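A structural walkthrough
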Amino acid sequence: MSVLTFRNVSLRYPPRAGRGGTSEQLVLDTIELQIASNELVAVIGRSGSGKTSLLNLAAGFLNPSSGTITVDGEPIRGPGADRAVVFQDDALYPWLDARDNIAFPFKLKGIPLAERRARADALLDRVGLADAGDRRIWELSGGMRQRVGIARALAAEPRFLLLDEPLGALDALTRTRMQEFLLRIKAESGAGALLITHSIEEALLLGTRVVVLSPNPGRLTAEIEAGFNAEVQNGASVAAVKASPLFKRMHAGLTGLIHSTSDEEIAA
Ligand SMILES: Nc1ncnc2c1ncn2[C@@H]1O[C@H](COP(=O)(O)OP(=O)(O)OP(=O)(O)O)[C@@H](O)[C@H]1O
Ligand SMILES: [Mg+2]
């Protein structure tokens, strides 16, 4: 079991040049957060509340201004193969086919061509794209691209999956299928997950825990335990779970929490 820990973490961005501003912007304020391997922590908050900044810190793309971020007690010193990132818009290489996009991390590790292609094919199979290996990225639908991105993230066998609105650009039907898919992949990989989302419904459905990030500066203002993902993994349909009275009550409760900490609309 691994644990990713934010302890007393604050983040300031420097003043922006050319805007006449001289003061630093405090974006995240004294964040305390733990994510264990058996959890999927969903972070919800309005646009600009600092969600991506939080994920960039966990990924090691940014350093905190104060506080510490550790994996199993070891401070993060930059990006690492133990933490894989999936971006909102797929960050795939358009000049490579699906297989070689997934095989890319293996290339960096110096694994021979035949083996890395075989391993990429196994990952494609795992994400339900066994027949798509030869396709160029522009020949794939949005949902398929996100699955290739997730397969590539899994290639490094990370301890944590850091997901920044991975389903945000998908239509409602594809999104529902991908939500079930994400839960399955997360469980199979044994990795802990940090999921950023704008959708209260998605946070409740997928999160073992949902935390609310309120803006200006970003602070974690509420946290709730949710058990719906276990129901979906035990075979309940997403539609049935969303229609249950408990889900609706918790959705309303979470909506109230977010609106009491924010003056702007968040998508239902
Ligand atoms: N590299 C940067 N330099 C300076 N300011 C930044 C930088 N990245 C983000 N910001 C500012 O920090 C704040 C939080 O941005 P962030 O991208 O973390 O929000 P977010 O919650 O992910 O928003 P969204 O839901 O729109 O993706 C914003 O005010 C943004 O303008
Ligand atoms: Mg963002």
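A word on the overall build of the protein
The helix and strand tally for the protein stands at nine helices and ten strands. A globule of 268 residues ought to have a C-alpha radius of gyration of about 18 Å, and the protein, at 19 Å, matches this closely. For the C-alpha atoms alone, the extent of the protein along its principal axes is close to 50 × 50 × 40 Å. Taken across its 268 residues, the protein has 51% of its residues classed as buried. Contacts in the protein between residues far apart in sequence, at least 24 positions, make up 70% of those at least 6 positions apart. A total accessible area of about 12500 Å² is found for the protein, and carbon and sulfur atoms account for 50% of it. Distance from the positive charge centre (30 side chains) to the negative charge centre (31 side chains) of the protein: 3 Å.

Some points on the environment of Gly45
Structurally, Gly45 can be placed in the loop between strand E3 (40-44) and helix H1 (51-59). Between the alpha carbons of Gly45 and Thr68 there is a distance of 22 Å; along the sequence they are 23 residues apart.

Quick word on the packing of helix H2 (residues 98-108) against helix H4 (residues 142-155)
Two numbers describe a pair of packed helices, the interaxial angle and the distance between the axes. H4 packs onto H2 with a crossing angle of 25° between their chain directions and a minimal axis gap of 8 Å. What the angle tells us is that H2 and H4 run roughly parallel. The crossing of H2 and H4 is right-handed. Across the interface between the two elements, Ala98, Asn101, Ile102, Pro105 and Phe106 from H2 touch Val148, Ala151, Arg152 and Ala155 from H4. Split by residue class, the contact of H2 with H4 holds seven nonpolar, one polar and one charged.

Observations regarding the pattern of salt bridges
Applying the stated rule across the entire model yields 15 salt bridges. A salt bridge links Lys242 to Glu201; its shortest N-O distance comes to 3.0 Å. Of the two residues, Lys242 is situated in helix H8 (residues 238-243) and Glu201 in helix H6 (residues 200-206); the sequence distance between them amounts to 41 residues. It is possible to trace a salt-bridge network through shared partners that takes in Asp72, Asp82, Arg83 and Arg159.

Quick word on the site of ligand 1
Looking at ligand 1, there are 13 residues lining it, with Ser47, Gly48, Lys51, Thr52 and Ser53 nearest. Gly48 places a polar main-chain atom, nitrogen or oxygen, 2.8 Å from an oxygen atom of ligand 1. Taking 630 Å² as the accessible area of ligand 1 by itself, protein coverage stands at 64%. Going through the elements one at a time, strand E2 (25-36) and H1 are the ones with two or more residues in the shell around ligand 1. Here the shell around ligand 1 takes three residues from H1, the largest share from any one element.

A word on the nonpolar core
Of all hydrophobic cores here, the largest spans 55 residues; its most connected members are Ile150, Leu161 and Leu254. Here this core gets seven residues from one element, more than from any other, and that element is H4. Two domains each put at least three residues into this core: domain 1 (31-82 + 158-268) and domain 2 (92-157). Among residues more than four places away in sequence, those in contact with Leu254 are Ile200, Leu204, Val210, Val212 and Ile224.

Focus: the sheet that holds strand E10 (residues 219-225)
What the six strands build is an open sheet, ordered E6-E7-E8-E3-E9-E10; its pairing is mixed. The open sheet terminates on both sides in strands that have one partner only, identified here as strand E6 (83-86) and E10. The average undirected angle you get between the axes of adjacent strands in this sheet is 20°. Of the strand pairs in this sheet, E6 and strand E7 (residues 160-164) are connected by four bridges, and their pairing is parallel. Directly across from Ala84, in E7, lies its bridge partner Leu161. Here helix H5 (residues 172-189) sits on the sheet and contacts E3, E7 and strand E8 (192-197); the angle it forms with E8, its principal contact strand, is near 155°.

Points about the domain arrangement of the protein
Looking at the assigned domains, one finds that the protein contains domain 1 (31-82 + 158-268) and domain 2 (92-157). Computed from C-alpha atoms alone, the centre-to-centre distance between domain 1 and domain 2 is 25 Å. Residue-level contacts link 14 residues of domain 1 with eleven residues of domain 2. Across the interface of domain 1 and domain 2, roughly 1000 Å² is buried in total on both sides, 73% from carbon and sulfur atoms. For the interface between domain 1 and domain 2, the tally reads one salt bridge. In this structure, the salt-bridge partner of Glu188 is Arg126, at a minimum N-O distance of 3.8 Å.

Criteria and cut-off values
- Residues numbered from 1 in each chain as written.
- Chains lettered and ligands numbered in written order.
- Predicted model: local features only at pLDDT ≥ 70, side-chain atom pairs only at ≥ 80, totals over all residues.
- Heavy atoms only, no water.
- Helix = DSSP H or I, 4+ residues; strand = E, 2+ residues; numbered from the N terminus.
- Rg over C-alpha atoms; globule rule 2.2 N^0.38 Å.
- Buried < 20%, exposed > 50% of the residue type's maximum accessible area, 1.4 Å probe, protein only.
- Contact = heavy atoms within 4.5 Å.
- Areas by Shrake-Rupley, 256 points an atom, 1.4 Å probe, with all protein chains shown as cover.
- Lys, Arg positive; Asp, Glu negative; His and termini not counted.
- Charge placed at Lys NZ, Arg CZ, Asp CG, Glu CD.
- Axes fitted to C-alpha atoms, helices over the stretch in contact; angles between N-to-C directions.
- Parallel < 35°, antiparallel > 145°, perpendicular 65-115°, else oblique.
- Left-handed = near helix turned anticlockwise from the far one by under 90°.
- Nonpolar A, V, L, I, M, F, W, Y, C, P; charged D, E, K, R; others polar.
- Salt bridge = Lys/Arg side-chain N within 4 Å of Asp/Glu carboxyl O.
- Near = heavy atom within 4 Å.
- Polar contact = N/O pair within 3.5 Å; in protein donor to acceptor, adjacent residues only side chain to side chain.
- Core = buried A, V, L, I, M, F, W, Y, C linked by side-chain atoms within 4.5 Å.
- Domains from an automatic or database assignment.
- Pairing = 2+ DSSP bridges.
- Buried area = accessible area lost by both parts, 1.4 Å probe.

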